[in-house]
Amino acid sequence: MRALVIDDERLARKELINLLSQFDQVEVVGEANNVDDAKDKIESLNPDVVFLDIQMPEKTGFDLLEELDNVPHVIFTTAYDEYALKAFQVNALDYLLKPVETKRLGEAIERLQKKLSDAQERQDSALESQQNKKLTLNDQVFVKDGDRCWFVKLQNVRLFESDGNYIKVYFDNNKPMIHKSLNALDERLDEKSFFRASRKHIINLSWVEAIEPWFNGGLVVTLKGGDRIEVSRRQAARFKDMMSL
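Along every chain, residues carry numbers that run from 1 in the direction the sequence is written. Where local features are concerned, this predicted model is filtered to residues with pLDDT of at least 70; where side-chain atom pairs are given and counted, the filter is 80 or more; whole-chain, interface and lining totals use all residues. Excluding hydrogens and water, the side-chain values take into account all heavy atoms of the structure.

### Quick look at unusual backbone geometry
Okay, so step 1: Cis geometry is found at the peptide bond from K98 to P99, where omega equals -5°.
Okay, so step 2: Only DSSP runs of H or I with at least four residues qualify as helices, and only runs of E with at least two residues qualify as strands; both kinds are numbered from the N terminus onward. Its location among the elements puts P99 in the loop between β5 (94-97) and α5 (102-132).
Okay, so step 3: Even without being glycine, E58 reaches a positive phi, approximately 70°.
Okay, so step 4: Take E58: it is sitting in the loop between β3 (49-52) and α3 (61-67).
Okay, so step 5: Here E58 falls in the exposed class, since its relative accessible area comes to 80%. Relative accessibility thresholds used throughout: buried, under 20% of the residue-type maximum; exposed, over 50%; partly exposed, between the two (1.4 Å probe, protein chains only).

Right under this line is the structure:
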């Protein structure tokens, strides 16, 4: 946990930094002696938590929080107990009275650790959910090929074609190449909208214009725009089931 100590008294900062050095899970990345100094260091150091004094010259710890766009977790350290209610109204994690006791500091750090851990679990869960989400025709994807970039709606992509370790993406008059396997892409695409026609091709079903029988029980699918794609015999039966009433 990256921590910033903010206090106008140098001895108070040194004492707290010394106490924090007893906790292996905490790294003090800096210290500040007033609100303006603290604001600059929060923006540059991006700490997980600030240990914040309230009464400082010119501006208070509460003034600092009002000026920040992104507020880290806050543990107040102060000699005054009358600000406790206001501290928790601004979502402070804890409120430690000076002189700070090692036991109380440990409790605050444990509470912070749990909060950071819970936040990481939620973030990991959201990321996993996003990765498992199937891409539909309404989704947009970012495609980059060399110096050229596109943000393409999948309903406009008529065909994906495997080419070695790359996939050729067909939309409008463009055919950029992306570094991805067709198998990995197939797992991401909604099977109601996209069909794995063969080892080399995935087609957008909404672009199918005509279907013809082909050799050995296979099919040839013609897409709007004229692309003709062979559907393997193994996939042909599944394709007929999907496209039939």
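Now that the structure has been shown, the text picks up again.
### Quick look at the UniProt feature "domain: Response regulatory" (unreviewed entry) in the chain
Okay, so step 1: UniProt positions are given in the numbering used here, feature names are shortened, and annotations may be inferred rather than shown by experiment. Cross-referencing UniProt, the feature "domain: Response regulatory" (unreviewed entry) maps to residues 2-113 in the present numbering.
Okay, so step 2: Annotated as 42% helix and 22% strand, the span residues 2-113 places its first and last C-alpha atoms 11 Å apart.

### Some remarks on a nonpolar patch on the surface
Okay, so step 1: Patch definition: residues above 30% relative accessible area lacking any salt bridge, with like charges linked at up to 9 Å and the nonpolar side chains Val, Leu, Ile, Met, Phe, Trp and Tyr linked at up to 5 Å. Note on areas: these come from Shrake-Rupley sampling with a 1.4 Å probe, and a residue is covered only by the protein chains present in the view. Basic side-chain nitrogens of Lys or Arg form a salt bridge, by our definition, when they fall within 4 Å of a carboxyl oxygen of Asp or Glu. Taken together, the side chains of I211, M242 and M243 present a nonpolar region at the surface, about 240 Å² in accessible area.
Okay, so step 2: Positionally, M242 belongs in helix α7 (residues 233-243).

### Let's talk about the packing of aromatic side chains
Okay, so step 1: The rule is short: rings of Phe, Tyr and Trp, with Trp giving its six-membered ring, pair when the centres are within 6.5 Å, and they are stacked under 30 degrees, edge-to-face over 60, tilted in between. Applying the stated criterion across every chain, the model contains 7 aromatic pairs.
Okay, so step 2: The interplanar angle of 55° and the centroid separation of 6.0 Å between the aromatic rings of F160 and F194 together place this pair among those described as tilted. Of this pair, F160 sits in strand β8 (residues 157-163) while F194 sits in strand β11 (residues 194-196), and the two are 34 residues apart along the sequence. Each member of the pair, F160 as well as F194, is classed as buried.
Okay, so step 3: Three or more aromatic residues joined by ring pairs form one cluster here, namely F62, F76, Y80, Y83 and Y95.
Okay, so step 4: For the cation-ring pair, K86 lies above F62, with the distance from its terminal atom to the ring centre recorded as 4.4 Å. Whether a charge sits over a ring depends on NZ of Lys or CZ of Arg being within 6 Å of the ring centre and within 35 degrees of the ring normal.

### Overview of the UniProt feature "modified residue: 4-aspartylphosphate" (unreviewed entry) in the chain
Okay, so step 1: UniProt's feature table lists "modified residue: 4-aspartylphosphate" (unreviewed entry) at D53, given in the numbering used throughout.
Okay, so step 2: Tracing the backbone shows D53 in the loop between β3 and α3.
Okay, so step 3: Of the residues examined, D53 reaches a relative accessible area of 4% and is grouped as buried.
Okay, so step 4: Two residues form a contact once any of their heavy atoms are found within 4.5 Å. In this structure, D53 is in contact with I6, D7, D8, G61, T77, T78 and K98, ignoring residues within four places of it in sequence.

### Looking at the sheet that holds strand β14 (residues 219-223)
Okay, so step 1: In space, the 3 strands of this open sheet follow the order β13-β14-β15, with antiparallel pairing throughout. The sheet is open, and its two borders are formed by β13 (208-213) and β15 (228-231), each paired with just one other strand. Put simply, the sheet's adjacent strands are angled 25° from each other on average, direction ignored.
Okay, so step 2: By this definition, two strands are paired if DSSP reports at least two bridges between them. Both β14 and β15 contribute to a ladder of 4 bridges, which runs antiparallel. Of the residues in β15, the one forming a bridge with T222 is R228. Orientation is described by lines fitted to C-alpha atoms, with helices fitted over the stretch in contact, and by angles between N-to-C directions that extend from 0 to 180 degrees.

### Comments concerning the pattern of salt bridges
Okay, so step 1: Scanning the model with the defined rule gives 15 salt bridges in all.
Okay, so step 2: Residues K59 and E67 are paired through a salt bridge, measuring 3.0 Å at the closest nitrogen-oxygen approach.
Okay, so step 3: Residues R104 and D94 are paired through a salt bridge, measuring 2.8 Å at the closest nitrogen-oxygen approach. Residue R104 is located in helix α5, and its partner D94 is located in strand β5; the two are separated by 10 residues in the primary sequence.
Okay, so step 4: Judged by relative accessible area, which is 26%, R104 ranks as partly exposed.

### As for α7
Okay, so step 1: Taken as a whole, α7 has its buried residues at Q235, A236 and F239. Across the axial projection of α7, the buried residues extend over an arc of 110°, all falling on one side. For α7, the exposed residues lying more than 90 degrees away from the buried face are R234 and D241.
Okay, so step 2: Elements in contact with the buried residues of α7: β11, β12 (201-204), β13, β14 and β15. To obtain the arc, one takes the directions from the helix axis to the C-beta atoms.

### Points about the nonpolar core
Okay, so step 1: The criterion is simple. A nonpolar core is a set of buried Ala, Val, Leu, Ile, Met, Phe, Trp, Tyr and Cys residues joined through side-chain atoms within 4.5 Å. Residues I6, I42, V50, L52, L64 and F76 are the most contacted members of the largest nonpolar core, which totals 19 residues.
Okay, so step 2: Secondary-structure elements contributing two or more residues to this core are β1 (2-6), α2 (35-45), β3, α3 and β4 (73-78).
Okay, so step 3: Core analysis: the next-biggest nonpolar cluster, separate from the first, contains 18 residues, M1, A3, L19 and F51 among them.

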